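What follows is each chain in one-letter form.
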Amino acid sequence: MNKNNVAIERIINGIATENPIFIMMLGMCPTLAVTTSVTNGIGMGLSTTAVLVVSNLVISLVRKIIPDDVRLPAYIVIVASFVTVTQLIMQAYFVALNDSLGVYIPLIVVNCIILGRAEAYASKNPPLASTFDGIGMGIGFTWGLFLLSAFRELFGAGTFAGIQVMPSIYKPIDILVKAPGAFLVLGFIVMAMNALSIKTRANEITEGCDNCPGCGMPGADPDCEGKEGKKA
Amino acid sequence: MNSLIMIIVSAAFINNVILSQFLGICSFLGVSNKIKTSASLGGAVIFVMTIASAVAYILYTFILAPLGLDYLQTIVFILVIAALVQIVEMFLKKTSPALYTALGIYLPLITTNCAVLGVALNNVTDGYDFIESVVSGFGTAVGYTIAIVLLAGIREQIADNDIPEPVKGAPLVLFCATLMGMAFFGFSSLG
């Protein structure tokens, strides 16, 4: 496979096949918390993308230098540094956005998408592919946030990116922009995606460890104790 | 004293860490299959979050702030939490192997639980003093435990129901969380 193909494949992978929000269910905290308006959703998506791309690149560059035992702490420090840089840039140039995203900007550090990609992809692949993996995942994440926030803002507040679009006769469904609405809208979106994928691959068996999203993750077999270390 | 009670009530119910601040969602959705495991996880979180709040306060007030290094708080706090979880793990392994086995994989997972880092950062933003920070950490962790144990209770009850195929798994959990969130919304009038 030549370099162009790898790049395109990684980006499609991030947007659709392994979409971090709808398929992998990663990074749920910012997904639910900041999607009250389109501006917040896209702002969060782009800041996460920036951190993801740079940290994927750097981790991929140093992947052969870092001893295996201390790789996770090392990754966390790399990610935390870039998050701090992002936060300082946001404080300097995007004051309003920074205020409305608040504590969720520093919390990008513990966003499972970033550490997840570092561990699953960037630590094993060359820098260029890792960078595109970051871009793909970032776009997938931003697109997920956009979908969720557009729906919530449009029906919950009657606006789109702060501009009134719904006719004044429309009564906004207040609960959608409040906390419970986040769970509700995401639940419906994931349900719709499930319904679509069930239709397309009708009789595929989803049991067994190959399709298991990981211990304790939604969709995992509750009785499964993991591949290694079966508890008595 | 009154203000401390207010901090606990506010952290545990009014601004419930999961249902209104959306921190720690990964473990909330993932580790809520059984009441027993979620209660163990809740216990571990109470333990780590209370200590982490105290240590983060001390580090921030006596080292970072005087040196003007407060922009390093994110890096320092996450390292402190990671180290703390490791120490707690080693300590439990030596002193209480039973509890260590019960907590199992959930203990290391707390490092990436954004609720712990979130509380440490929020304590700084809210300008709490030492006692208030510890109380707020404890109250938040209690709120976390309440929410995750309640959800596990609901999931145990509906586990054997006849659920439409597309709703199974994540959507069902999200819908349960919606209803819990609405119920907890009622507490907001307390503040």
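Residues numbered from 1 in each chain as written. Chains lettered and ligands numbered in written order. Predicted model: local features only at pLDDT ≥ 70, side-chain atom pairs only at ≥ 80, totals over all residues.

Asks: Give a description of the overall build of chain B that names residues and reports values.
Replies: Within chain B, the secondary structure is distributed over nine helices and zero strands. From first element to last, N terminus to C terminus, chain B shows the α and β order α-α-α-α-α-α-α-α-α. Computed over C-alpha atoms, the radius of gyration of chain B comes to 17 Å, within 12% of the 16 Å expected from 2.2 N^0.38 for 191 residues, which places it in the range of a compact globule. Counting only C-alpha atoms, chain B reaches 60 × 45 × 30 Å along its principal axes. For chain B, the share of sequence-separated contacts (at least 6 apart) that also reach a separation of at least 24 residues comes to 80%. (Helix = DSSP H or I, 4+ residues; strand = E, 2+ residues; numbered from the N terminus. Rg over C-alpha atoms; globule rule 2.2 N^0.38 Å. Contact = placed C-beta atoms within 7 Å.)

Asks: Help me get a handle on the overall build of chain A, residues and values and all.
Replies: Secondary structure assignment for chain A yields eight helices and two strands. Ordered by position in the sequence, the α and β elements of chain A form the string α-α-α-α-α-α-α-β-β-α. A total of 232 residues make up chain A; the buried ones form 43% of that total. Counted over contacts in chain A with a minimum sequence separation of 6, partners at least 24 positions apart contribute 74%. (Buried ≥ 20, exposed ≤ 12 C-beta atoms within 10 Å, placed from the backbone.)

Asks: Can you explain the packing of helix α3 (residues 38-61) of chain A against helix α6 (residues 112-122) of chain A? Please cite residues and give values.
Replies: All names here are of chain A. At a closest axis distance of 10 Å, the pairing of α3 and α6 adopts a crossing angle of 35°. Where α3 crosses over α6, the two elements pack in a sense that is right-handed. Taken together, the residues of α6 that come into contact with α3 (itself represented by Val51, Leu52, Ser55, Asn56, Ile59 and Ser60) are Ile113, Ile114, Arg117, Ala118 and Ala122. By residue class, the composition of the contact of α3 with α6 is seven nonpolar, three polar and one charged. (Axes fitted to C-alpha atoms, helices over the stretch in contact; angles between N-to-C directions. Left-handed = near helix turned anticlockwise from the far one by under 90°. Nonpolar A, V, L, I, M, F, W, Y, C, P; charged D, E, K, R; others polar.)

Asks: Can you tell me about the interface of chain A and chain B, naming the residues and giving the values?
Replies: At the interface, 39 residues of chain A touch 38 residues of chain B. Elements supplying a minimum of two residues to the side of chain A that touches chain B: α2 (28-33), α4 (71-93), α6 and α8 (179-200) of chain A. Ranked by the residues each element gives to the side of chain A that touches chain B, the list is headed by α8 of chain A, at twelve residues. In terms of residue class, the side of chain A that touches chain B is built from 32 nonpolar, six polar and one charged.

Asks: Tell me about the environment of Ile198 of chain A, residues and numbers included.
Replies: Along the chain, the position of Ile198 of chain A falls in helix α8. Residue classification places Ile198 of chain A among the partly exposed residues on the basis of 15 C-beta atoms within 10 Å. Apart from the residues lying within four places of it in its own chain, the contact partners of Ile198 of chain A are Glu165 and Pro166 of chain B.

Asks: I'd like a rundown of the nonpolar core, residues and numbers included.
Replies: Grouped together as the largest cluster of nonpolar side chains are 112 residues, with contacts concentrated most on Val79 of chain A together with Val48, Ala52, Val116 and Leu117 of chain B. Once residues within four sequence positions are removed from consideration, Val48 of chain B is found in contact with Leu84, Val85, Val88, Ile110 and Val116 of chain B. (Core = buried A, V, L, I, M, F, W, Y, C linked by C-beta atoms within 7 Å.)

Asks: If you had to explain helix α9 (residues 170-185) of chain B to someone new, which residues and values would you point to?
Replies: Between the first and last C-alpha of α9 of chain B there are 22 Å, a value that for 16 residues agrees with the 22 Å anticipated at 1.5 Å per step. For α9 of chain B, the set of buried residues is Ala170, Pro171, Leu172, Val173, Leu174, Cys176, Ala177, Thr178, Met180, Gly181 and Phe184 of chain B. In this structure, the buried residues of α9 of chain B make contact with α8 of chain A together with α1 (2-14), α2 (25-30) and α8 (130-158) of chain B. (Expected span 1.5 Å × (residues − 1).)

Asks: Explain the confidence of the model for chain A to me, using residue names and the numbers behind them.
Replies: Residue and element names in this part refer to chain A. Looking at chain A, pLDDT values average 81 and 85% of them are 70 or higher. Within chain A, helix α1 (residues 3-17) has the poorest average pLDDT of any element, 81, and α3 the best, 93. A low-confidence stretch, residues 203-208 stays under pLDDT 50, and its non-local contacts, those more than four residues away or across chains, total one contact. This model gives residues 225-232 a pLDDT under 50, and the stretch forms four contacts once residues within four places in sequence are excluded. (pLDDT = per-residue confidence, 0-100.)

Asks: Go over unusual backbone geometry, please, and point to the residues and values.
Replies: Residues and elements named next belong to chain B. The backbone of Phe22 sits at a positive phi, close to 60°, despite the residue not being glycine. With respect to the secondary-structure elements, Phe22 resides in the loop between α1 and α2. Judged by local crowding, Phe22 falls into the buried class, with 27 C-beta atoms found within 10 Å.

Asks: So what's going on with the environment of Val62 of chain A? Residues and values would help.
Replies: Residue placement: Val62 of chain A occurs in the loop between α3 and α4. Measuring from C-alpha to C-alpha, the distance between Val62 of chain A and Gln164 of chain A comes to 48 Å, with 102 residues separating the pair along the chain.

Asks: Describe the packing of helix α7 (residues 114-126) of chain B against α8 of chain B, listing the residues and the values that go with them.
Replies: Residues and elements named next belong to chain B. Close contact between α7 and α8 brings their axes to 10 Å; oriented N to C, the two are set at 145°. The way α7 lies across α8 gives a crossing that is right-handed. Residues Ala115, Val119 and Asn123 of α7 form the contact with α8, whose own contacting residues are Ser133, Ser136, Gly137, Thr140 and Tyr144. By residue class, the composition of the contact of α7 with α8 is three nonpolar, five polar and no charged.

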